[in-house]
Amino acid sequence: MGLRMKTMTQDPNGRHANRSIAARMRRPTARRRRIGALVVALAAVAVLGAALGSGPVEVAQASTTACPDTVYLGNYPSGSSLGWNGDSQGVAHDDGDWFFTTQDWLLKIPVQYNLATPFNPAHPPAGVETRGPNPLSSYGYDHLGDLDQVGGFLFVPVENSSKKRPPAIAVFKASDLSFVGLKVTAQANAGWVAFNARQDLLYSSDNDVSGTDPLYRYKVDFSKLATGDVGDGITYQDRFHLLEANGTQLSPPLGNWMQGGVFTPRGDLYVVNGNGDDFSFAVRGGIHLFGTNGRLIAESTNDSGKGAFDFAYSPGLDDQEPEGIDWWNRDVGPASPGITGQLHVMLNDNNTFTADKLFFKHYEVNYSCEPITGSGNGPGGTGAR
Ligand SMILES: [Ca+2]
Ligand SMILES: [Ca+2]
Ligand SMILES: [Ca+2]
């Protein structure tokens, strides 16, 4: 949060903000995706309809879509002050819980909890667990980033905002949020981590990602983590380049700040960058999807519409900041009030004189363009788990 005059906050999703997620879901992507194949048939119907005098028939334009196709559904909670969400940073999950980080709190919220219901993190309701504020202050860390959960362990990137300590990866137990240990890194910054389950590698980055500052990758030895040996349980492996779709170095780079990342079950990587001061065009801010070869597949546009890969945020006076991301198929149980889709991205609306507001944005990711390989494919070909 910066020292700014209070401004009217805008819902980055504009006129559609009050529509329910359920209403949005009534526009299934699968139908859109089949439009190309149906154009000829629809054209035939149009001709036939005209011939029969049955009135105008709308013929949709075929369009090229990325694979997978990422489609914005809406946000829930939608611009809410939730009591705990100030300076929100990250999101992850296990089989029955969301995990969130703010700058100084770690929270575990049962998936059936309605996230639009506020609570005080110092006195959470039954079933909600919290750790904070500043759970690692005795280790010199005061900033928690976008986390991931693997095998019952929470991997949380941590920083000292005064740069008095090198960034680290903190490990907590998902079961009770107890602290396991720290891996101090050689990174300049650590705003996010994401675990690639196909490679058993943990990914992170500095504040931007470029040809000269690629991602960091770490091996994870879960047997060592189980003994509490985090320093040896997480070991640096190498750097990994994210590339443009044609294989060249990122140009422009993904600028300040790298905020979140998550792997899909297919091994593709979504990352989030941007901040509340720089306009998205200045830092290439938004959500970006890279394939297993590191090449760009698709990236969001800063539009407030729906039915496309939209991620609208408003820096500057509104001070809206992209944050963490998670993949969790919410089109299958257990139920999550107000939330559907597979990809979930946090947008923090920073405010100086009033409470920050959280927009939790949800996306359907349709992998039906790819042949199904292996297990974990949810209904609708979403490749979800
Ligand atoms: Ca962040
Ligand atoms: Ca604001
Ligand atoms: Ca995450």
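Everything numeric in this text was worked out from a predicted model, so none of it was measured.

Cut-offs applied
Residues numbered from 1 in each chain as written. Chains lettered and ligands numbered in written order. Predicted model: local features only at pLDDT ≥ 70, side-chain atom pairs only at ≥ 80, totals over all residues. Helix = DSSP H or I, 4+ residues; strand = E, 2+ residues; numbered from the N terminus. Buried ≥ 20, exposed ≤ 12 C-beta atoms within 10 Å, placed from the backbone. Contact = placed C-beta atoms within 7 Å. Pairing = 2+ DSSP bridges. Axes fitted to C-alpha atoms, helices over the stretch in contact; angles between N-to-C directions. pLDDT = per-residue confidence, 0-100. Core = buried A, V, L, I, M, F, W, Y, C linked by C-beta atoms within 7 Å.

A. Region of interest: the overall build of the protein. Across its full length, the protein carries 6 helices and 21 strands. Evaluated residue by residue, the protein yields a buried proportion of 45% over its 385 residues. Considering only contacts in the protein between residues 6 or more positions apart, those separated by 24 or more positions represent 58%.

B. Highlighting the sheet that holds strand β18 (residues 296-299). Pairing within the open sheet is antiparallel, and its 4 strands lie in the order β15-β16-β17-β18. Looking at which strands have only one partner, the edges of the open sheet turn out to be β15 (258-263) and β18. Adjacent strand axes in the sheet meet at a mean angle of 20 degrees, parallel and antiparallel pairs treated alike. Pairing of strand β16 (residues 269-273) with strand β17 (residues 286-290) involves 5 bridges; the strand directions are antiparallel. The residue bridging Tyr270 from the neighbouring strand is Leu289, located in β17.

C. Inspection of the confidence of the model for the protein at higher detail. Per-residue pLDDT for the protein has a mean of 85; in total, 79% of the residues score no lower than 70. This stretch, residues 1-63, has a pLDDT under 50; its non-local contacts, to residues over four places away or in other chains, come to 80 contacts. Every residue in residues 374-385 scores below 50 in pLDDT, and together they form 34 contacts with partners more than four places removed in sequence or on other chains.

D. Molecular detail of the nonpolar core. Counting 81 residues, the largest nonpolar core has Phe99, Leu154, Phe155, Val156, Ala170 and Val171 as the members making the most contacts within it. Other than its neighbours up to four places away in sequence, Phe155 contacts Leu147, Asp148, Val150, Ile169, Val171, Val193, Phe195 and Leu202.

E. Layout of the sheet that holds strand β13 (residues 215-220). The 4 strands are arranged β11-β12-β13-β14 in an open sheet whose pairing can be described as antiparallel. At either margin of the open sheet sits one strand with a lone partner, and together these are β11 (193-196) and β14 (234-240). Direction aside, neighbouring strands of the sheet carry axes that sit 30 degrees apart on average. Sheet topology places β11 next to strand β12 (residues 201-204); 4 bridges connect them, and they run antiparallel. Paired with Ala194 across the two strands is Tyr203, which belongs to β12.

F. Summary view of the pairing of β18. As judged from the 3 bridges shared by β17 and β18, these two strands associate in the antiparallel manner. Paired with His288 across the bridge in β18 is Glu299.

G. Spotlight on unusual backbone geometry. In this chain, Asn256 is followed by Trp257 through a cis amide linkage whose omega measures -10 degrees. With respect to the helices and strands, the residue Trp257 is situated in the loop between β14 and β15. A positive phi angle, near 50 degrees, is found at Asp87, a position not held by glycine. Positionally, Asp87 belongs in the loop between β1 (69-80) and β2 (88-93). With phi around 60 degrees, Leu177 is a residue other than glycine that occupies positive phi space.

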